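What follows is each chain in one-letter form.
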Amino acid sequence: MAHEPAAMEVPVRRLEEAPDRARLLASTLVGIGVVALVAAFLTSPTRAWRAYLFNWLYWTSLAQGAVMVAAVASITRGLWSRPVRRIALSFVAFLPISYLALLPLLLFGGEHVFPWIEAPVAGKEAWLNLPFLVARNLVALGFMYFLSLRFAYWALRPDLGLTRDQAPPQLRGLYQRFTANWRGQDAEEARSFRKLARLAPAMALVYAASFSLLAWDLVMSLEPHWWSTLIGPYFFMAAFLGGLAALAVATILYRRPLGLDGIVQPSTFHDVGKLTFGFCAFWAYLLWSQYLVIWYGLLPHEQEFVIHRLELPFAPVAVAVFLCMFVIPFFGLLGVQPKKRPALLGTFASVVLVGLWLERYVLVYPSYTFSRNEGLPFGLPEVGMALLFGGLFIFALLFFAVRFPMIQLWQPPSELELLAGAAEPPGEVVTAE
Amino acid sequence: MATVLRSETHPGIASYQEVNRDILKILGRPGRGYFLLLAFVLAVLGLGIFAWMVQIVLGIGMAGLRNPVGWGVYITNFVFWVGIAHSGTLISAILYLFRARWRQSIYRASEAMTVFAVMTAGLFPIIHLGRPWIFYYLLPYPNQRQLWPNFRSPLLWDVFAVGTYFTVSATFFYVGMIPDIAAARDATSVRWRKALYSVLSLGWRGTDREWKHFTRAYLYLAALATPLVLSVHSVVSWDFAVSIVPGWHTTIFAPYFVAGAIFSGLAMVITLLVPMRKVFRLEEYFTVHHFESMAKLILLTSFIVVYAYVTEYFMAWYSVEVPERFAFYNRAFGDYWWATWIMLTCNTVVPQLLWLKRVRTSIAALFVISIFINIGMWFERFVIIVTSLAAEYEPWQWGNYQPSWVEMSILAGSFAWFLMWFLLFMRVLPPVSVAELKEVLPAPLRFRRPAGERRP
């Protein structure tokens, strides 16, 4: 057998046009969401902003988490990820929406969501003041999104060069712009590979920093006397888990419209399932690491955070979060078959996604004062806002899927080498003298 | 035209026979240099044992431990050695599960290092006791004294965590070695070796059935060992974090300690493998690629450690609590400022050199960096333990700590104890996996085919 790396031949997979059902679904969601949003702001702007905040955190976490899956796959050169890498990357389309959606929250919603504006904490004014908070979050998140979009650009560029000539007329202009200053396919692939190799580690660092900042400012500061050094890692690793689960669900949903059978193999689902399983366990580990230290320390200013979440009215939601993000997926995905079967994997990944949504709710809401008798503050504003963001999320994904190839066509040269080592059984001819 | 088949990962190794020859050669009769080194190591160990005896006879006061610093160099050593024990299981179990293919030639030595490091770490809680002969009070079992340990104490969790870790990693180490011991058994003619290997290889003959069970066992042990990598050092971190001492009581401790442990463990693997590679001419086995991959992991874990340092300082400032703020100010500018700055330099500045590919692929540079990291990680534990205990909440309770010659001798003795086991191991058991290396080599064929020709 010659030294012919077994490169995977991949046909172009792109949605010709957005499926009617998906478009209808997204429009309906956005429609209901807008009505709910208006209703919520008319009845109680404070509650509306809080619902907005936790939903923004959730959908942003999913989008950036999935993009980080693509970046990590690039750092670790995980060959298994090739069929799903682009799907993970496609979540990048939501990031601009997320950035725009953050602006009104910070500019107009601040007084409704940050308790320290009305009651400043002595000694913390230097950090907990609105102008500085707005500036640092916009800068940090802007930089994160800028890197993500650069990453997407360089990952897409060689593919657009490959498909430029067959592209439908309405995409020609776009592809031309993306492939400006073209240097030839081989040179471009090598160049993209170099760019991605630099961008991906930078993204990992900036992700940890910027999402820690989000956790400190948009979660931790809601209980201004509380602090926890682990809240940052807890927040961004949960977002990464959300990205993995979202990738699993998206891949399964794309299977029919994109014709992925034969490209995304059961072994790929197996790998996505293993990672989802592993990061569910890791999420529980981080949760426990934070909880145990606080429980044992018995310090009032630390315990309030936990107590607010484990008492009524929020206790049932907290339990549901633990079930959905750890217990159910852990035991559900323990075996091989559930990881390989799309229906089962999709079910458990969806459970994780619901769990993460409730988790972001539980991170935000109990920080505000609620009395037990009022009942759980959960209803139209919370669900309506989720529908609105969810609809926009689907639109963003469709926006990407109708424009760009959804399976990566080009393959970095170093991957070809690795593949040559991995695909052939050991002991085959590799080099000859 | 003769065609030579080569493996991609180990192009310098031509055949199965060469693996057997090169690896099993290490098990031959050692030369003078080896015995001299062993004698030196034993002498240092003797010094450590002597110091311990002095402490037992004359009392724990021979150590520099005084109120308020009750945990000094001994617990620093304990945490340091438990940390060193981490990379072995990471390399052998986690990288196995992640299908990282670069582990196969280095995992045996790092597993051995893990087992010996746990054996070293386990000594220190006992050395630390005023009456070490009643250390078994820690073990929970039904007894006539009607004594039960305090199950709420993290020190007892340590007993379980470290005990479990030792059991599983020793089993994993041994099970993975069985086929290689059998190879050594078949190759040796020395009588005591033949007898030893015959017993240890459990009658391995390499049948299909045996391999089938072996691979299953290996996979399950790997899956079992993986959560242990996280749990052991998390529990060790809770020895500190669950108390309310400023500088200790912080939620990030568990993942931060785990990352630090992997960081220091990988550095120790490099420290040990570089001389071993040189002395036994294993350049074809421990390739530059292996070292580069380890360097990348070191860079990653170094960033997790940096993240934890930064977050701790930020939160101390953000908390507006006087004791919190003071604890971290005191670390950087108090009496132990030098220890803190050694730690910060070695753990945050020096590893940044690994961004450069030239450094990552230079064995000499990696060796030097790994020693810096070993020093930095020892000081990290020293800083955490000593600076926090020396200046807790009440200023009238403050007091500094000075390690005595007894503690320093025992520290030196612990390195000797660890190296003694490693030296013995290298000459008695195959220090590189023979069987797994063969998995990536070209299979022996009756006819060598020229490249490009199909198999008949």
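Residues numbered from 1 in each chain as written. Chains lettered and ligands numbered in written order. Predicted model: local features only at pLDDT ≥ 70, side-chain atom pairs only at ≥ 80, totals over all residues. Heavy atoms only, no water.

A. View of the overall build of chain A. What chain A contains, in helices and strands, is 17 helices and zero strands. Considering only C-alpha atoms, chain A reaches an extent of 75 × 45 × 40 Å along its principal axes. The proportion of buried residues among the 433 residues of chain A is 58%. Of the contacts formed within chain A by residues at least 6 apart in sequence, a portion of 84% connects residues at least 24 apart. (Helix = DSSP H or I, 4+ residues; strand = E, 2+ residues; numbered from the N terminus. Buried < 20%, exposed > 50% of the residue type's maximum accessible area, 1.4 Å probe, protein only. Contact = heavy atoms within 4.5 Å.)

B. Seen up close, the overall build of chain B. The helix and strand tally for chain B stands at 17 helices and zero strands. Its C-alpha radius of gyration of 24 Å places chain B within 12% of the 23 Å reference for a compact globule of 456 residues. Dimensions along the principal axes, computed over C-alpha positions, put chain B at roughly 85 × 55 × 40 Å. Scored against the burial criterion, the 456 residues of chain B give a buried share of 57%. Of the accessible surface of chain B, which amounts to about 20,100 Å², a share of 68% is contributed by carbon and sulfur atoms. Of the charged side chains in chain B, 38 are positive and 24 negative; the average position of the first set lies 11 Å away from that of the second. (Rg over C-alpha atoms; globule rule 2.2 N^0.38 Å. Areas by Shrake-Rupley, 256 points an atom, 1.4 Å probe, with all protein chains shown as cover. Lys, Arg positive; Asp, Glu negative; His and termini not counted. Charge placed at Lys NZ, Arg CZ, Asp CG, Glu CD.)

C. Local environment of the nonpolar core. Among the nonpolar cores identified, the biggest contains 299 residues, and Trp56(A), Met294(B) and Phe422(B) are the most heavily contacted of them. Tallying contributions element by element places helix 10 (residues 231–258) of chain A first for this core, with 19 residues. Apart from residues lying up to four places away in sequence, Met294(B) is in contact with Ile91(B), Trp102(B), Ile106(B), Leu266(B), Val269(B), Ile270(B) and Leu273(B). (Core = buried A, V, L, I, M, F, W, Y, C linked by side-chain atoms within 4.5 Å.)

D. Expanded view of a positive patch on the surface. There is a patch of like positive charges on the surface, built from Arg150(A), Arg183(A), Arg194(A), Lys195(A) and Arg198(A). Tracing the sequence through the fold places Arg194(A) in helix 9 (residues 185–219). (Patch = residues over 30% accessible without salt bridge, like charges linked within 9 Å, V, L, I, M, F, W, Y side chains within 5 Å. Salt bridge = Lys/Arg side-chain N within 4 Å of Asp/Glu carboxyl O.)

E. Spotlight on the packing of helix 13 (residues 337–349) of chain B against helix 15 (residues 363–390) of chain B. Residue and element names in this part refer to chain B. Direction vectors running N to C along helix 13 and helix 15 enclose 140°, while the axes themselves pass 8 Å from each other. It follows from the interaxial angle that helix 13 and helix 15 lie oblique. The handedness of the crossing between helix 13 and helix 15 is left-handed. Across from Trp338, Ala339, Thr340, Ile342, Met343, Cys346 and Asn347 in helix 13, the residues of helix 15 making contact are Phe372, Ile373, Ile375, Gly376, Met377, Phe379, Glu380, Phe382 and Val383. Its residues assigned to classes, the contact of helix 13 with helix 15 shows twelve nonpolar, three polar and one charged. (Axes fitted to C-alpha atoms, helices over the stretch in contact; angles between N-to-C directions. Parallel < 35°, antiparallel > 145°, perpendicular 65-115°, else oblique. Left-handed = near helix turned anticlockwise from the far one by under 90°. Nonpolar A, V, L, I, M, F, W, Y, C, P; charged D, E, K, R; others polar.)

F. Region of interest: the packing of aromatic side chains. All names here are of chain B. A full pass over the atoms with the stated rule returns 85 aromatic pairs over all chains. With a centroid separation of 5.6 Å and 65° between ring planes, the pair formed by Trp204 and Phe214 is classed as edge-to-face. Note that Trp204 is positioned in the loop between helix 8 (191–200) and helix 9 (208–241) and Phe214 in helix 9, a separation of ten residues in sequence. For the pair shown, Trp204 and Phe214 are each scored as buried. (Phe/Tyr/Trp six-rings, centres within 6.5 Å; stacked < 30°, edge-to-face > 60°.)

G. Fine view of the pattern of salt bridges. Per the counting criterion, the structure on display carries 17 salt bridges over all chains. Here Asp22(B) makes a salt bridge to Arg21(B), at a shortest N to O gap of 3.5 Å. Here the salt bridges do not stand alone but share partners, grouping Arg157(A), Glu188(A) and Arg191(A) into one network.

H. Highlighting the environment of Ser388(B). Residues and elements named next belong to chain B. Tracing the backbone shows Ser388 in helix 15. Sequence separation of Ser388 and Val69 is 319 residues, and the distance between their C-alpha atoms is 8.7 Å. The contacts of Ser388, once residues within four sequence positions are left out, are Val245, Pro246, Gly247, Trp248, Arg331 and Val383. At a separation of 3.4 Å, a polar atom in the side chain of Ser388 contacts the side chain of Trp248. (Polar contact = N/O pair within 3.5 Å; in protein donor to acceptor, adjacent residues only side chain to side chain.)

I. Unusual backbone geometry, seen in detail. That bond from Leu312(A) to Pro313(A) is cis: its omega, 5°, falls within 30 degrees of zero. Relative to the elements of secondary structure, Pro313(A) occurs in the loop between helix 12 (300–310) and helix 13 (315–332). The amide bond that connects Asn67(B) to the next residue, Pro68(B), takes the cis arrangement and shows omega of 0°. Topologically, Pro68(B) is positioned in the loop between helix 2 (32–58) and helix 3 (73–84). Positive phi outside glycine occurs at Arg77(A), with the angle close to 50°. Among the secondary structure elements, Arg77(A) is positioned in the loop between helix 2 (45–76) and helix 3 (82–89). Looking at Arg77(A), the relative accessible area reads 33%, which means it is partly exposed. In this model, Arg281(B) sits at a positive phi of 50°, which is unusual for a non-glycine residue. Position of Arg281(B) among the secondary structure elements: in the loop between helix 10 (253–279) and helix 11 (288–319).

J. View of a nonpolar patch on the surface. A contiguous nonpolar surface patch, about 580 Å² in accessible area, is contributed by Phe135(B), Tyr136(B), Tyr137(B), Leu138(B), Leu139(B), Tyr141(B) and Leu147(B). Looking at the secondary structure, you find Tyr141(B) in the loop between helix 6 (123–127) and helix 7 (154–187).

K. View of the side chain of Asn55(A). All names here are of chain A. Tracing the sequence through the fold places Asn55 in helix 2. The class of Asn55 is buried, set by a relative accessible area of 0%. Side-chain polar atoms of Asn55 contact the side chain of Trp357, separated by 2.8 Å. Non-local contacts of Asn55, meaning those with residues more than four positions away in its chain, are made with Trp357, Glu382, Met385, Ala386 and Phe389.

L. Here's a closer look at helix 13 of chain A. All names here are of chain A. With 18 residues, helix 13 ought to run about 26 Å at 1.5 Å a step, and its terminal C-alpha atoms sit 24 Å apart, in line with that. Maximal helix bending in helix 13 amounts to about 40°, located at Leu323. Among all positions in helix 13, only Ala315, Val317, Ala318, Val321, Cys324, Met325, Phe326, Pro329 and Gly332 are buried. Summarising the contacts, the buried residues of helix 13 are in contact with helix 10, helix 11 (266–297), helix 12, helix 14 (336–340) and helix 15 (342–364). (Expected span 1.5 Å × (residues − 1). Bend = angle between axes of the 7 residues up to and from the residue.)

M. Structural view of the environment of Glu283(B). Residue and element names in this part refer to chain B. Note that Glu283 resides in the loop between helix 10 and helix 11. Along the chain, Glu283 and Leu47 lie 236 residues apart, while their C-alpha atoms are 35 Å from each other. Once residues lying within four places of it in the same chain are set aside, the contact partners of Glu283 are Arg277 and Lys278.

N. Molecular detail of the state of the cysteines. Counted according to the given criterion, the structure contains zero disulfides over all chains. This cysteine, Cys324(A), is not joined by any disulfide, and Cys280(A) carries the nearest cysteine sulfur, 10 Å off. (Disulfide = S-S within 2.5 Å.)

O. Structural context of the environment of Val402(A). Residues and elements named next belong to chain A. Tracing the backbone through its elements, the reader meets Val402 in the loop between helix 16 (380–401) and helix 17 (413–423). C-alpha of Val402 to C-alpha of Glu16: the two residues are 386 residues apart in sequence and 6.0 Å apart in space. Those residues in contact with Val402 that lie beyond four places of it in its chain are Arg14, Leu15, Glu17, Ala18 and Leu171.

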